[in-house]
Amino acid sequence: MLRRGAASALAIGIVTLTASCGGGGGTTPTPTAANHAPAFTSAASASVVENSDGVAYTATATDADGDPVAITISGGTDANAFDLTDGDLTFVSRPDFERPDDANGDNIYNVTLTASDGKGGKTSLAVSVEVTNDHEGVNLSKIADGFGTDAVIAARTDKSGLIVISQDGSVHQVDAATGTVSDIGNVFKAGETGRVLAVADFNRYGVAMLDIASRGVIVRSVPLLDSLNQYTIDAQMAAPSTM
Ligand SMILES: [Ca+2]
Ligand SMILES: [Ca+2]
Ligand SMILES: [Ca+2]
């Protein structure tokens, strides 16, 4: 059994031996601090309206050690759909809602990003970018009403507006900008009845095709308000063929 004094002497001997093994420096090595992996600070999802060529998502990350963080595309089923520059994710081709190009065609594009600190610390984030619909093409808006059922309509060919002929033969000229309706006459003459089949506007010349009972189909001019001249057609009949 060692006495207290002997134990202390033994401990001192071990410390002295350890220090002397380090080459005589005489100091204790400072332990290396553990590296921390970067952490993403941006969300895991984003949405963008179709046909956009702008930034769809911006990736951001921090590192607890202050290391510079590099973010790259590292995977995901739709990785090839994206480019990544300085954390900004953009589509390689403008996304088309009606023709989705993601793997399962649901307009949700999946990509995995990885943030690296250059010291072996890495963190990945699965990001989904949803492409939403834009209502492209024709936009409809109501500019006038009250023309009855089965009215026939023609767009003005050299100005904004419409020609509308109701089935009672009344002719209306509609200003698209204001919705103002001007009643400009009737394609049926006194005593005529029938159907209005079509109306057309050719550079401010209006023409209506009418089915008049007992007379067959005729073409008749429509006197538009802004016409300098009118077709001379008044009632040219297309008679039924006997063939
Ligand atoms: Ca780090
Ligand atoms: Ca998808
Ligand atoms: Ca669309």
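Look up a bit, the structure's there.
Everything quoted here is computed from the prediction, not taken from an experiment.

What counts, and where the lines are drawn
Residues numbered from 1 in each chain as written. Chains lettered and ligands numbered in written order. Predicted model: local features only at pLDDT ≥ 70, side-chain atom pairs only at ≥ 80, totals over all residues. Helix = DSSP H or I, 4+ residues; strand = E, 2+ residues; numbered from the N terminus. Buried ≥ 20, exposed ≤ 12 C-beta atoms within 10 Å, placed from the backbone. Contact = placed C-beta atoms within 7 Å. Pairing = 2+ DSSP bridges. Core = buried A, V, L, I, M, F, W, Y, C linked by C-beta atoms within 7 Å. Axes fitted to C-alpha atoms, helices over the stretch in contact; angles between N-to-C directions.

Caption draft 1: Summary view of the overall build of the chain. Assigned secondary structure in the chain consists of one helix and 17 strands. A total of 243 residues make up the chain; the buried ones form 17% of that total. Counting contacts in the chain only where the partners sit at least 6 residues apart, residues at least 24 apart contribute 48% of the total.

Caption draft 2: Summary view of the sheet that holds strand β3 (residues 57-58). Pairing within the open sheet is antiparallel, and its three strands lie in the order β3-β7-β6. With one partner strand each, in any of the chains shown, β3 and β6 (82-85) form the two edges of the open sheet. As paired strands, β3 and strand β7 (residues 88-91) are joined by two bridges and run antiparallel to one another. Opposite Tyr57, over in β7, you have Leu89 as the bridge partner.

Caption draft 3: Representation of the pairing of strand β13 (residues 181-186). Bridge count between strand β12 (residues 170-175) and β13: four bridges; the pairing is antiparallel. Each residue of the ladder has a partner; that of Gln173, found in β13, is Ser182. Taken together, β12 and the strand that follows it, β13, pair antiparallel across an intervening segment of five residues, in which Gly179 is found at a positive phi of about 80 degrees.

Caption draft 4: Layout of the environment of Asp65. Mapped onto the elements of the fold, Asp65 is located in the loop between β4 (61-62) and β5 (70-75). In this structure Asp65 comes out as partly exposed when scored by C-beta crowding, with 14 C-beta atoms within 10 Å. For the pair Asp65 and Pro38, spaced 27 residues apart in the sequence, the C-alpha separation amounts to 8.6 Å.

Caption draft 5: Structural detail: the nonpolar core. Residues Tyr57, Ala59, Ile71 and Leu113 are the most contacted members of the largest nonpolar core, which totals 16 residues. For this core, the elements supplying multiple residues, two or more each, are β7, β8 (108-116) and β9 (122-132). Ranked by residues supplied to this core, first place goes to β8 with four residues. Every residue in contact with Ile71, bar those within four places of it in the chain, is listed here: Ala59, Ala61, Leu84, Gly87, Leu113 and Ala115. Core analysis: the next-biggest nonpolar cluster, separate from the first, contains 13 residues, Ile165, Val187, Val222 and Leu224 among them.

Caption draft 6: Representation of the sheet that holds β5 within the structure. Read from one edge to the other, the open sheet built from four strands follows the order β2-β9-β8-β5, with strand pairing classed as mixed. Whereas interior strands pair on both sides, the edge strands pair on one side only; in this sheet they are β2 (45-49) and β5. When the angles between neighbouring strand axes are averaged without regard to direction, this sheet yields 35 degrees. For β5 and β8, the ladder comprises five bridges, and the chain directions are antiparallel. Residue Thr72 lies in a different strand from β8, and its bridge partner there is Thr114.

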